[in-house]
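Descriptive analysis of the structure
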Amino acid sequence: MDYNNQNVTPPPYYGGSGTSIVAQTNAVMKRVYVRMFVGLLISAFCALGIVSSPAAMSFFFGSKLVFWGMLIAMFAMAWILPARMNRMSSTAVFACFCLFSALMGVWLAPIFVVYRIGTIVYTFFITAGTFGAMSVYGYFTKTDLSKMGSYLTMALIGLIIASIVNIFLKSGTMEWIISIIGVLVFTGLTAWDTQAVKRMAAANLDPQMADKLATIGAMNLYLDFINLFLFLLRIFGGNRN
């Protein structure tokens, strides 16, 4: 979208000066982290709600059709939502993100059966610390991380392929290697996504688009956090139930 050709009267803090751009960027980034936190809360409550109900566990995980349908729906939303956000309202974009977070929470429910609660909590705090450190780095670094992002994207594709192959091989060694690589990939992607969101926030002049970008940015960082958490859980999850 070309913002230079739009006759938009921006709010007071959306201007051309350096101070206003910083204020604009900070305002968007604040919404990004708040919405990411909301998404994590939705996922946590949904996961705990499902795991506490045997009937719900049976419905979602007793049927391959429901399980794979849920997984396909999440993949479709992750790809389609950013592409179609220009045609959607800010409220609709945020509602879709909340729905995505709820589906992810349902899908994550079995970890409370497979792993001990202490391991989950311990891994969560390690994930939060790692994510926070890399997000701060991505926000404040002057280094252009674009090239690193290209390599990480290729590594992510390879990681997905290796994970699919290991479903059939069922190799413990390969799973361990995939988990370590996954941690490295999503640690890097956290910094890259943070910088990308910051740049989009600084370039945008349309308040409505800024709100949509905040939701999409929250979704990207949410996915980085969830995947980092899952790969770390595989590494630290020796104490399984």
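Above this note sits the structure.
This text gives an overview of the structure that appears in the document.

What the protein contains, in helices and strands, is nine helices and zero strands. Expressed as a percentage of its 241 residues, the buried residues of the protein come to 39%. The contacts in the protein between residues at least 6 apart in sequence include a share of 83% that link residues at least 24 apart. Total accessible area on the protein is roughly 12900 Å²; 71% of this is exposed by carbon and sulfur atoms.

A separate point is the pattern of salt bridges. Taken as a whole and assessed by the stated rule, the structure comprises three salt bridges. A salt bridge links Asp 144 to Arg 199, with the nearest nitrogen and oxygen atoms 3.1 Å apart. One end of the pair, Asp 144, is in the loop between α6 (117–140) and α7 (146–169); the other, Arg 199, is in helix α8 (residues 172–203), with 55 residues separating them in the sequence. Residue Asp 144 is classed as partly exposed on the basis of its relative accessible area of 45%. Counted as one network, the salt bridges with shared partners bring together Arg 31, Arg 35 and Asp 211.

Attention now moves to the packing of aromatic side chains. Here the structure, examined in full by the defined rule, presents 11 aromatic pairs. Judged by centre distance (5.7 Å) and plane angle (90 degrees), the ring pair of Phe 97 and Tyr 222 falls under edge-to-face. With Phe 97 in helix α4 (residues 90–108) and Tyr 222 in helix α9 (residues 207–236), this pair connects stretches of sequence that are 125 residues apart. For the pair Phe 100 and Tyr 222, a centre-to-centre distance of 6.2 Å together with 70 degrees between the ring planes defines the contact as edge-to-face. Of this pair, Phe 100 sits in helix α4 while Tyr 222 sits in helix α9, and the two are 122 residues apart along the sequence. Taking the relative accessible area as the measure of exposure, Phe 100 reaches 1% and is therefore buried. Every member of this aromatic cluster is reached through a ring pair, and the members are Phe 124, Phe 125, Phe 131 and Phe 225. We note Arg 35 situated over the ring of Phe 94; from NZ or CZ to the ring centre the distance is 5.4 Å. Lying over the aromatic face of Tyr 139, Lys 198 brings its terminal NZ or CZ to 4.4 Å of the ring centre.

Core analysis: the biggest nonpolar cluster contains 56 residues, and Met 36 and Tyr 222 have the highest contact counts within it. Sorting elements by how many residues they give to this core places α9 first, with 17 residues. Other than its neighbours up to four places away in sequence, Met 36 contacts Phe 97, Phe 131, Ala 218, Leu 221, Tyr 222 and Phe 225.

The interhelical angle for the contact between helix α3 (residues 64–84) and α4, taken along N-to-C directions, is 145 degrees, at an axis separation of 10 Å. For α3 against α4, the interelement crossing comes out left-handed. On α4, the residues that touch Phe 67, Met 70, Leu 71, Ala 73, Met 74, Met 77, Ala 78 and Leu 81 of α3 are Val 93, Cys 96, Phe 97, Leu 99, Phe 100, Leu 103, Met 104, Val 106 and Trp 107. When the residues that make up the contact of α3 with α4 are grouped by side-chain class, the tally is 17 nonpolar, no polar and no charged.

Our next topic: the environment of Cys 96. In this fold, Cys 96 is placed in helix α4. For the pair Cys 96 and Met 77, spaced 19 residues apart in the sequence, the C-alpha separation amounts to 7.9 Å. Not counting residues within four places of it along the chain, the set of residues in contact with Cys 96 comprises Met 77, Leu 81 and Met 88.

This paragraph deals with the side chain of Thr 187. As for its placement among the helices and strands, Thr 187 is situated in helix α8. A residue is classified by how much of its surface remains accessible, and Thr 187, at 15% relative accessible area, is buried. What Thr 187 contacts, discounting residues up to four positions off in sequence, is Thr 130, Met 134 and Leu 228.

Attention now goes to the environment of Met 29. Structurally, Met 29 is set in helix α1 (residues 18–51). Looking at Met 29, the relative accessible area reads 3%, which means it is buried. Distance from Met 29 to Ala 218, taken between C-alpha atoms, is 8.8 Å for residues 189 residues apart in sequence. Leave out the neighbours within four places in its chain, and Met 29 touches Tyr 139, Thr 194, Val 197 and Lys 198.

What counts, and at which threshold
- Residues numbered from 1 in each chain as written.
- Predicted model: local features only at pLDDT ≥ 70, side-chain atom pairs only at ≥ 80, totals over all residues.
- Heavy atoms only, no water.
- Helix = DSSP H or I, 4+ residues; strand = E, 2+ residues; numbered from the N terminus.
- Buried < 20%, exposed > 50% of the residue type's maximum accessible area, 1.4 Å probe, protein only.
- Contact = heavy atoms within 4.5 Å.
- Areas by Shrake-Rupley, 256 points an atom, 1.4 Å probe, with all protein chains shown as cover.
- Salt bridge = Lys/Arg side-chain N within 4 Å of Asp/Glu carboxyl O.
- Phe/Tyr/Trp six-rings, centres within 6.5 Å; stacked < 30°, edge-to-face > 60°.
- Lys NZ or Arg CZ within 6 Å of the ring centre and 35° of its normal.
- Core = buried A, V, L, I, M, F, W, Y, C linked by side-chain atoms within 4.5 Å.
- Axes fitted to C-alpha atoms, helices over the stretch in contact; angles between N-to-C directions.
- Left-handed = near helix turned anticlockwise from the far one by under 90°.
- Nonpolar A, V, L, I, M, F, W, Y, C, P; charged D, E, K, R; others polar.

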